[in-house]
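Below are the chains, spelled out letter by letter.
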There are 2 protein chains.
Amino acid sequence: MTRVLVVDDEPQILRALRINLAARGYEVTTAADGESALQAARTEAPDLVVLDLGLPDLDGAEVIARLRGWTTVPIVVLSGRTDSADKVDALDAGADDYVTKPFGMDELLARLRAMLRRAGEPEEEPAVAFGDVSVDLAATRVLVRGEEVRLTPTEWHLLEVLLRNPGRLMGHRQLLLEVWGPGYETAQGNLRLYMAQLRRKLEADPARPAYFRTEPGMGYRFDPS
Amino acid sequence: MTRVLVVDDEPQILRALRINLAARGYEVTTAADGESALQAARTEAPDLVVLDLGLPDLDGAEVIARLRGWTTVPIVVLSGRTDSADKVDALDAGADDYVTKPFGMDELLARLRAMLRRAGEPEEEPAVAFGDVSVDLAATRVLVRGEEVRLTPTEWHLLEVLLRNPGRLMGHRQLLLEVWGPGYETAQGNLRLYMAQLRRKLEADPARPAYFRTEPGMGYRFDPS
DNA sequence: GGACCGCGTCAGGATCCTGTGAGGGCCATC
DNA sequence: GATGGCCCTCACAGGATCCTGACGCGGTCC
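One structure accompanies this document, and this report is about it.

Cut-off values and rules
Sequence positions are assigned chain by chain, starting from 1 and proceeding in written order. Chains and ligands are labelled sequentially in the order written, the chains with letters from A and the ligands with numbers from 1. Confidence filtering applies because this is a predicted model: local features only for residues at pLDDT of at least 70, side-chain atom pairs given and counted only at 80 or more, and all residues used for totals across whole chains, interfaces and linings. Computation of side-chain values covers all heavy atoms of the structure but excludes hydrogens and water. For this description, a residue counts as near a given molecule or strand if any of its non-hydrogen atoms is within 4 Å of it. Any pair of nitrogen or oxygen atoms within 3.5 Å is treated as a polar contact; in protein, a donor-acceptor pairing is required on top of that, and neighbouring residues in sequence qualify only through side-chain atoms on both sides. We count a stretch as a helix when DSSP gives it H or I for four or more residues in a row; a strand needs E for two or more, and each element gets its number in order from the N terminus. Residues were grouped as follows: Ala, Val, Leu, Ile, Met, Phe, Trp, Tyr, Cys and Pro as nonpolar; Asp, Glu, Lys and Arg as charged; and all remaining residues, including Gly, as polar. Here the term buried applies to any residue with accessible area under 20% of the maximum for its type, exposed to any over 50%, and partly exposed to those in between, with areas from a 1.4 Å probe on protein chains only. Throughout, a contact is declared for two residues whenever any of their heavy atoms are within 4.5 Å. We define buried area as the total accessible area lost by two parts upon association, computed with a 1.4 Å probe and summed across both. Salt bridge, as used here, is a side-chain nitrogen of Lys or Arg placed within 4 Å of a carboxyl oxygen of Asp or Glu. Two strands are counted as paired when DSSP detects at least two bridges linking them. Axes here refer to lines fitted to C-alpha atoms; in helices the fit is confined to the stretch in contact. Angles between the N-to-C directions go from 0 to 180 degrees. Note on angle classes: values under 35 degrees are labelled roughly parallel, values over 145 roughly antiparallel, values of 65 to 115 roughly perpendicular, and the remainder oblique.

**Comments concerning the protein's contact with DNA strand C**
Turning to step 1, where the next piece is worked out: Near DNA strand C, the surroundings consist of 18 residues, among which R192, R199 and T214 of chain A together with R199 and T214 of chain B are the closest.
Turning to step 2, where the next piece is worked out: Sugar and phosphate atoms represent 51% of those atoms of DNA strand C found within 4 Å of the protein.
Turning to step 3, where the next piece is worked out: Contact distances for DNA strand C include 3.1 Å between a phosphate oxygen and a side-chain N or O atom of H172 of chain A.
Turning to step 4, where the next piece is worked out: When residues of the surface near DNA strand C are traced back to their parent elements, those giving at least two are α8 (188-202) of chain A together with α8 (188-202) of chain B.
Turning to step 5, where the next piece is worked out: At 5 residues, α8 of chain B tops the list of elements feeding residues into the surface near DNA strand C.
Turning to step 6, where the next piece is worked out: Looking at the surface near DNA strand C residue by residue, the class counts come to 6 nonpolar, 8 polar and 4 charged.

This is the structure:
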């Protein structure tokens with residue numbers, strides 16, 4: 001099922017999009033402001049984002065930039081502004097399409113189809129099983145040797161970022177930025193703490209981790225092999 | 001160089017696009033009707049197609065369909081028709097974007113950039129390979145004969161600088177400046193030490209290096225051949 | 001032939017980083 | 001008001017990394 005995240009602060013537009021998208025068989029989640037949109041993009045892992053630029057809390061270009069910091073999900077911008085400069089800014093910030101309000105629902109849906117057609121080949125859920133652990137990213141569930149393990153929100157968030165980048169070294173700064181957001185880039189004590197928690201809960205031998213490996217001076221790496 | 005095929009039967013639009021695209025560093029080829037457009041798409045292998053729908057010989061949707069029969073090159077449609085049904089038809093036929101005339105040149109160029117950005121993605125930063133070694137710069141990972149080799153931050157940094165300048169002589173001062181930063185330009189003992197570490201970890205015969213060569217009195221050179 | 005210079009190598013200690021435990025603040029629930 | 005869960009800060013021991021200096025070796029220049 002294709003998952004679409006719709007971000008808009010106008011309830012009637014949100015409602016119209018939700019109904020139309022659901023009728024076409026999309027799974028729809030919504031957000032009404034920038035922060036919850038970023039949050040939802042992380043937890044829901046949508047296949048496509050429809051983003052209204054006139055959000056109450058964050059500037060539209062900033063939302064795009066912060067999304068683009070870690071995901072390449074297609075972004076379709078909705079906006080009431082027809083000014084050419086706004087379009088250029090949004091597209092250059094990383095948006096894939098720009099639709100001005102009022103828009104025809106048929107056209108918007110056709111644009112979404114075109115976008116998904118191009119983006120939508122791979123969609124492999126990243127490896128979610130390693131050792132005795134199996135992780136269901138969609139359901140927010142972790143099983144170790146068949147037993148369910150409870151993770152706190154922060155632990156989960158950190159695990160998610162690592163799992164979505166298998167084999168890849170994630171720098172301290174990058175992880176702190178992804179999980180704690182801007183302003184915590186130097187709180188490395190935090191990162192050590194939660195990495196230790198994760199290892200205690202998921203690794204067979206937390207003192208000698210096999211999957212969540214430390215790269216001294218650089219960061220951490222999730223190695224599923 | 002990025003190659004753009006522009007298809008339009010109006011000479012002034014053709015001319016305007018050619019000038020603007022060429023000014024941005026694109027390589028432009030043009031066609032004035034559907035048949036020659038299809039021909040040009042085959043012979044020129046463009047990275048992007050800008051297609052006017054009002055062609056004299058073929059229907060726009062048919063041009064798209066015949067292109068899509070064998071290529072996935074991004075197609076941006078230009079059209080004077082604002083009818084929603086036309087947009088839906090073109091997009092569902094396989095177009096990636098639809099811009100109505102009159103259009104702002106800035107906006108069109110931004111849309112082309114967005115399109116190329118996405119299309120160009122799959123060519124992810126490749127793993128540099130030489131001898132038995134393969135280096136994945138994005139994942140920060142080094143394999144020698146299939147075995148993972150751990151590098152310290154400084155070793156990695158030095159390797160990165162060398163790999164990003166293949167075949168080029170890197171002076172002592174330049175390397176020290178890049179890796180250690182200002183203030184260490186004269187610490188050549190350092191450089192010798194870490195170059196030795198790199199060779200020990202990556203070269204088949206560290207005493208007779210094949211890839212990380214010394215240029216006496218000058219510096220070092222990474223030679224991938 | 002001898003002095004000199006640049007390069008590779010080795011071992012030492014200083015420095016930084018990491019894992020771990022304990023403890024306090026905050027919030028929601030009871 | 002008390003409890004428990006979660007998050008953050010601090011301190012410290014052990015380990016990894018980094019820098020420094022000293023030593024041979026081979027080539028170059030006088």
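Moving on, there is more to tell.
**Concerning helix α4 (residues 84-93) of chain B**
Residues separated by three or four positions in an α-helix point in the same direction, a consequence of the helix having 3.6 residues per turn.
Turning to step 1, where the next piece is worked out: Restricting attention to buried positions, one finds in α4 of chain B the residues D86, K87, V88, A90 and L91 of chain B.
Turning to step 2, where the next piece is worked out: Where α4 of chain B starts, the residue carrying a side-chain oxygen 3.3 Å from the main-chain nitrogen of A85 of chain B turns out to be D83 of chain B.

**Structural notes on the interface of chain B and chain A**
Turning to step 1, where the next piece is worked out: At the junction of the two partners, chain B supplies 31 residues and chain A supplies 34 residues.
Turning to step 2, where the next piece is worked out: Counting each side, the surface lost to burial between chain B and chain A is near 2,800 Å², with a carbon and sulfur contribution of 43%.
Turning to step 3, where the next piece is worked out: Taken together, chain B and chain A are joined by 12 salt bridges.
Turning to step 4, where the next piece is worked out: In this structure, D223 of chain A engages R141 of chain B in a salt bridge whose closest nitrogen and oxygen atoms are separated by 3.4 Å.

**Concerning the protein's contact with DNA strand D**
Turning to step 1, where the next piece is worked out: As a structural note, the neighbourhood of DNA strand D is formed by 17 residues, with T152, T154 and W180 of chain A together with T152 and T154 of chain B the closest of them.
Turning to step 2, where the next piece is worked out: Put simply, 83% of the atoms of DNA strand D that lie within 4 Å of the protein are in sugar or phosphate.
Turning to step 3, where the next piece is worked out: Residue T152 of chain A places a side-chain N or O atom 2.7 Å away from a phosphate oxygen belonging to DNA strand D.
Turning to step 4, where the next piece is worked out: One of the side-chain N or O atoms of W180 of chain B is found 2.9 Å from a phosphate oxygen in DNA strand D.
Turning to step 5, where the next piece is worked out: The set of elements that each furnish at least two residues to the surface near DNA strand D consists of α6 (153-163) and α8 of chain A together with α6 (153-163) and α8 of chain B.
Turning to step 6, where the next piece is worked out: Among the residues making up the surface near DNA strand D, the classes are represented as 9 nonpolar, 6 polar and 2 charged.

**Some thoughts on the sheet that holds strand β4 (residues 75-79) of chain B**
Residue and element names in this part refer to chain B.
Turning to step 1, where the next piece is worked out: Pairing is parallel across the open sheet formed by 5 strands, whose spatial order is β2-β1-β3-β4-β5. Strand pairing shows two members of the sheet lacking a second neighbour, β2 (27-31) and β5 (97-100), which therefore form its edges. Shown here is a sheet whose adjacent strand axes are inclined to one another by a mean of 20°, direction ignored.
Turning to step 2, where the next piece is worked out: Packed on one face of the sheet, helix α1 (residues 11-23) meets β1 (3-7), β2, β3 (48-52) and β4 and runs near 165° to β2.

**Considerations on the packing of helix α4 (residues 84-93) of chain A against helix α5 (residues 105-119) of chain B**
Turning to step 1, where the next piece is worked out: Where α4 of chain A contacts α5 of chain B, the axes come no closer than 9 Å and their chain directions differ by 10°. The angle between α4 of chain A and α5 of chain B falls in the class roughly parallel. Here S84, K87, V88, L91 and D92 of chain A of α4 of chain A come into contact with α5 of chain B, specifically with D106, E107, A110, R111, R113, A114 and R117 of chain B.
Turning to step 2, where the next piece is worked out: When its residues are assigned to classes, the contact of α4 of chain A with α5 of chain B shows 4 nonpolar, 1 polar and 7 charged.

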